[in-house]
Amino acid sequence: MQLTSSLFQPQFLDVDAMIKGSIQKAVIQLEDKKDNSWRATERIKILHNLLFHSQSSVSSHFMTILKKRICYLLQEREKPIHEPRGWIFRRALSTSFILEDTSFRKALWMYLEDIVANVFAQILAVVDANNNLDHIFQGAPLAELWLQMFQEETVLKIKYTSKPADAKISVLSMTEDPNTSLFCRFPFSWVLKAYLDDIWEKVYHMKDKPKKPTKEVVRFYQAFIKNVLMPDGSNLDVLRCYIDDFLRMAFPRQDPSVYEILSKVFLANATQLCFSVGGGEMGFSPVWLHVEYFYLRDDYQLFVDIAKSNDAVVGELQAMYEKTPPEMFVTLDALNILLKKVQPSENGLLPFDACIAWLESVKSIKPWVEWISLDNYQLQFYQKKKELLDSVLHRWTCTNIVYMLIDHLLHNETQIEEKLLRLVVKQFIFLWNRLYASQRFEPEKTFDLVTKVLKKCNENADVVYLVKGVKECKSCLREITDPAELPCSHIFCARCILEWTNKQCKICKEEFPEDYTPTASEATREAVACHNKFRRKCNSFFIEFIAVYFLGDREAPSAKIIQRLIQFVACKPSPEHQAGKRVYKPKSELSPFEECMDTSPTVQSSLLKLLLRCGFNNVKVHLEEYLSQMEEKIISNQSNMDHFYFMVVHCLEDFMYPSSEEDVSQLAENCLSTADLSAFCEPDISRINTLQFIAQLRLSISHVATVLARQMLSAADPNAPAAEGNEKEQDLVNAMKRLVAKAPTPWPQVFLIRNLCDICGLASMWKILQVEKWILPQGVEISQDRSTWSNTAQMFLVLDKAQNQLKSKDSTENQSLTSVLRQMENILRLPSVPDELLEDKLRKIMEALGDSEDPGLLELVFHVALVLVLFPSRITHLFRNICFKPDMVKGSYLPTMPGDLLFDEGNWKIGTSEKIWTCQCGSYWIVTRCGFPMEMKKCQCGAVVGGANHRPEAGFTQKEITKDKTEKGYVLESPGLRRNEVERCLSPACVGLARALLHSSLLLGIQVDKQAIRDLMKEQPEDMEEFFWGHLRKDAACLAEALGRNTEDAVLTVHLFLRHLSNDNLEDDSAALSVLREKKDREDWETSFKTLAQPFFQELEQTLNSVKEQRMNEGPGGSSVLLKIAYGQTPPFQDLPSQGLINQPCMWRFEQKMTIQTLMHFLQQEDRAGAGNPYPILLEVLSKLENISHVRHLPDIFRLQNALIHFFQNSHKGEKYTVRQFLDQPELSEDQRLAFSRAIETIRKVWSNIKMNPASSGALKLSCFLP
């Protein structure tokens, strides 16, 4: 044969001599890790002893195998060589082969020696991995096993690799750490482990992935590897060597003490597994080690995680396992030790800092407890482990309940009253001891014990904080939030004292002066505030406690628990009633800690909704039983019963609300088509069935109102495309008509009117009622006189001042008013009458507004103009210039105009590496992750953007944003492109309000100097006036969305703000912002506007209610009745049916639903001067409205993240998997595979939806990877 056959012919070369001579050359080519750099010298010594002592059986055997290995690799080397037989001839002709002062034979020898040395080095890089050569010398206990493994080519595969002559060959290692070496105690342990793992993976799949080890599966496994050399199971010393290497490969970089424990546990559990499964019929071998590791890998990993963080646990386990018990459940033993260390005690919970440290300790244990496996095979085989698991989980339950209570009470506290802390710590210890004494979790006993402790904690807080013994107002029987002290020292709510007609104390009857001003000392206020805060924290704990331990993922709670929770939610009949009397203790008289419940509707409805999560049918029978008892025992306090009934209906309505509008339509149609209201008027009908039906009916009627409002908008816009599902919507409306026609009660119509008023406002509601007259209850008429519905009443102040101003004949002031009247004449298209008196002109304008079909925005523009003239302030000077002297604001920044979003990286940068790129059309793209493209998409212009392998497509270029390109003037585009968003310090509500004033001013300015206004604009629309009217309508829509109201209320809000400006004259010429030349000027203006708007928004709800009350009282008869119905008052009907719950007014009360925008608006009003907003993270989340719907998926995503971290920790070799390849991993159990599949599908859905949404910066996102 070619080089190989020539080389190994004895008459040609002395092969043994060549191999011996190439030892040093081979070793020099090897590269060890830094901490093993001395290995080269030791390697030469070992090889020299092996190869130069041929009389040794080990040496001769080693040389024989080595020559075979070298021969094989040389054959592999020759395969790609053309005409390998002519290699000597080619060498002879080569000029590079001619060496001075040497023969051709010598040169040939040196050449062959280099080749052999290179092949020898490649063999050594494998066989001396992890200092494996240390195990082969004469007399070594594992030398024969070493040689047999070296000889076995099916197990130990060494491949030839072509490398440059000067390239180093890295020695293999069991660890991926480039700086740390591991020294194997068992020869070729890494090879044997990889081989057995590979065989097990095949067996596992062939046997349909068994969930637990069986005799059949292990026999099948052994059959595959019966010819493979392995350590004898009877030689435990040799087996321990393999175990040590196995563990260091499975869990690298651990402390030696951890390996010591794991080695004992691993061997003991594998031995026990062999005995339990094999039943004495199968011998012990490394096969059992691999099966044991596969099924308990998560348990061992969990122990390693615990050991890393708790050195003390390792020491105690070493002592516990000193005598090597037959069964060792290391993870449970470790957790048991940790939980014993955090058992509540006075030393561990006092003082305050110790209590905080205790919380941190328990918090660190929590994730480990959650990762305890509840389905591994040992729980089926060993009763002792099951008992230990139950003990650990019970100890954890006791500890976690106490942890939750302490965590809630100390949340956001930097210190707590020492006396109170000592008192409650005693309760914590008492609670833990009593819980642990039960041996297992008993729901009813646990519930009673926790409520008892909460009551005691509340009493302790009473003693510490309420030195005067007052914990609730004896007048309203509710929590005192604004304490006031009478001369007799008794404390009540300040509001209650002011409402008393009889000026005497409700407790001691001592009288006080009529002009007495209720006040309280700072100490009293602080004590009451601290007490109230303590109560709220206990309430929050109680809700979490119920959710976690009774209404969470566990089985449905018992009947007793459901009954007790219903008693907490509802008003409770007092058991302390005298014989022959029916005494009722209303809910408002209960201290929330006597019954562990707060009186607030929020907490009550939260508990009821948690109950409904258990399934309505589980709760239904208990609610029905409780309602029956309540009816029997209660003869007064109907308002408390009504409150409870409505709360049940409201919670059911929220609970049954479908996720899609299509489902809502289907539910509404089914309900309206089959509903028979007369059946629910019978006295013997089930109350809970009635409440469930009312909830369905309310939900259905609300949807009908949405459909009617949508139909009205479509009818008003002739250019609107026909909506899909028009026929179905009309069928729904017809079903509602039929229901109303048959209904023995007007309440469905009343509720529909209230919904219409909330969705689209009074004016639009009136238009709908003009067409759909069937909606009106019998006896209610539509009055054509809607004068009180307009917003003119909000203009009385400015109109009165304007009239007085016109009468004063002050030419300077009248000049501005004259300009306003002329502008409004132009806007209203009124003829100008020469020499017309200004008072007559004003009257004519007001009459024209009253006669207008839709005066809403016209009135608003007029109101703005009058306020700008008559009530100048720091923020109105700019608008006044736009209105009357638009040329002055040329080159000025305008408030609420967007800045350069790309220059401010906070608008688009997610991490640290994102970069901006541009398409050839100029559109911007944000490339995420590394900032360079790895995928391609199509731009809106049709061009391909992105790239592959970080190489961009032609025309797709990176863009450096180094200059702020924020533009001056008016830069908004078409109204249809606008979104509701934050601008600098202004919330969406503030932006909508400020822009309404801006666009009103621009509409007025057009009438003065159209060209000056055009010069302000970036866009140049053909019809500027219509352009700004469109934006003003959009302002109203955006403000309505931000406030969670209809556009009519939004317009009213702007009127009320103008009235607010009129009442608070803030004129300050020295600080007037007439022109905003610099961006800082605009920031100052917007800050001033926010400061002015914030208190206005905080009182807006009350102000709107006052306006509604005024409208109801001032309107004509027909109009007033309709207003009262729409605004929620009980209709003044004669002979209203009263039989049954369905005819109770409380069942048809309308409540606005909380939206994301409304919540965001409420949070933004919490800004405090100098302190900022207390909810910055929540606000940031809520501001991303396009992605807010995906928040519900966060728990699934976090669970997947934790699972992946746990799965790959210390075991990931750097491989890349597709999703399918990952899910096919044999290490995954079926439960894990199913959980991963669901979570991955959730992420795909979320990612797909997020990618479809444009970024808030206006730039498009382009990932640098394919998800």
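Preceding this section is the structure that the text describes.
All residue numbers refer to positions counted from 1 along the written sequence of the respective chain. With pLDDT at 70 or above as the cut-off, local features in this predicted model cover only qualifying residues; side-chain atom pairs require 80 or more to be listed or tallied, and sums for whole chains, interfaces and linings still use all residues. Heavy atoms from the whole structure form the basis of all side-chain values; hydrogens and water molecules are not counted.

## Quick word on the packing of helix α36 (residues 876–884) against helix α37 (residues 988–1008)
All axes are obtained by fitting lines to C-alpha atoms, using only the stretch in contact for helices, and the reported angles, taken between N-to-C directions, cover 0 to 180 degrees. Under the DSSP-based scheme used, a helix requires at least four consecutive residues in state H or I and a strand at least two consecutive residues in state E, with every element numbered from the N terminus. Two elements in contact, α36 and α37, have axes whose closest approach is 6 Å; the angle formed by their N-to-C orientations is 30°. Looking at the two axes, α36 sits roughly parallel to α37. In contact with Phe-879, Ile-882, Cys-883 and Phe-884 of α36, α37 contributes Ala-994, Leu-997, Leu-998, Ser-1001, Leu-1002, Leu-1004, Gly-1005 and Val-1008. By the convention adopted, Pro, Cys, Tyr, Trp, Phe, Met, Ile, Leu, Val and Ala count as nonpolar, Lys, Arg, Asp and Glu as charged, and the other residues, Gly among them, as polar. Classifying every residue of the contact of α36 with α37 by side-chain character gives 10 nonpolar, 2 polar and no charged. An angle below 35 degrees is read as roughly parallel, one above 145 as roughly antiparallel, one from 65 to 115 as roughly perpendicular, and any other as oblique. The contact criterion used throughout is that any non-hydrogen atoms of two residues lie within 4.5 Å.

## A short note on the sheet that holds strand β8 (residues 944–948)
DSSP calls a pair of strands paired once it identifies at least 2 bridges connecting them. The antiparallel open sheet is built from 3 strands, whose spatial order is β7-β8-β9. With partners counted over all chains shown, the strands left at the sheet margins are β7 (936–938) and β9 (951–952), one partner each.

## Some thoughts on the packing of aromatic side chains
Centres within 6.5 Å make a pair out of two Phe, Tyr or Trp rings, where for Trp the six-membered ring is used; the pair is then stacked when the planes are under 30 degrees apart, edge-to-face when over 60, and tilted otherwise. Enumeration according to the criterion identifies 46 aromatic pairs in this entry. A centroid spacing of 5.2 Å and a plane angle of 75° characterise the contact between Phe-220 and Phe-224, whose relative ring orientation is edge-to-face. With a gap of 4 residues between them, Phe-220 and Phe-224 both fall in helix α10 (residues 215–224), about one helical turn apart. Burial here depends on accessible area, computed with a 1.4 Å probe over protein chains only, as a share of the maximum for the residue type. Under 20% is buried, over 50% is exposed, and the range in between is partly exposed. Assessed through its relative accessible area of 25%, Phe-220 is described here as partly exposed. Measuring from centroid to centroid gives 5.4 Å for Tyr-970 and Phe-1028, while their planes differ by 85°, and the two rings are edge-to-face. With a gap of 58 residues between them, Tyr-970 in the loop between β10 (957–959) and α37 and Phe-1028 in helix α39 (residues 1024–1043) connect regions that are remote in the sequence. With respect to class, Tyr-970 is no different from Phe-1028; both count as buried. An aromatic cluster of at least three residues, connected via ring pairs, comprises Trp-200, Tyr-204, Tyr-221, Phe-294, Tyr-295, Phe-329, Tyr-377, Phe-381 and Tyr-382. Comment: the charge-over-ring label is applied if NZ (Lys) or CZ (Arg) is within 6 Å of the ring centre and within 35 degrees of the ring normal. Directly above the ring of Phe-246 sits Lys-193, whose terminal nitrogen or CZ lies 5.0 Å from the centroid.

## Some thoughts on the nonpolar core
By convention a nonpolar core is built from buried Ala, Val, Leu, Ile, Met, Phe, Trp, Tyr and Cys residues, the set being connected through side-chain atoms within 4.5 Å. Judged by nonpolar contacts, the single largest core of 277 residues is most densely connected at Phe-62, Val-127, Phe-150, Phe-303 and Leu-752. When neighbours within four sequence positions are excluded, Phe-150 is seen to be in contact with Phe-62, Ile-65, Leu-66, Arg-69, Ile-123, Val-127, Leu-156 and Phe-188. In terms of nonpolar packing, the next biggest core, distinct from the first, is built from 86 residues, Ala-802, Leu-1016, Met-1017 and Val-1107 among them.

## Focus on helix α20 (residues 418–437)
Here α20 is 20 residues long and its end C-alpha atoms lie 29 Å apart, about the 28 Å a rise of 1.5 Å per residue gives. Of all the positions in α20, only Leu-420, Leu-421, Val-424, Val-425, Gln-427, Phe-428, Ile-429, Leu-431, Trp-432 and Leu-435 are classed as buried. On its buried face, α20 is in contact with α16 (346–349), α17 (352–370), α19 (383–410), α21 (443–465) and α23 (522–549). Under the convention used throughout, the expected extent of a helix is 1.5 Å for every residue step, that is, one less than its residue count.

## Description of unusual backbone geometry
Here the bond from Leu-350 into Pro-351 is cis, since omega is 0°, no more than 30 degrees from zero. The backbone of Asn-412 shows a phi angle near 60°, a positive value even though the residue is not glycine. Relative to the elements of secondary structure, Asn-412 occurs in the loop between α19 and α20.

## Notes on the pattern of salt bridges
Salt bridge, as used here, is a side-chain nitrogen of Lys or Arg placed within 4 Å of a carboxyl oxygen of Asp or Glu. Inspection of every chain in the model, using the stated rule, returns 39 salt bridges. For the salt bridge of Glu-967 with Lys-1018, the shortest nitrogen-to-oxygen distance reads 3.1 Å. With Glu-967 in the loop between β10 and α37 and Lys-1018 in the loop between α38 (1010–1016) and α39, this residue pair connects regions lying 51 residues apart in the sequence.

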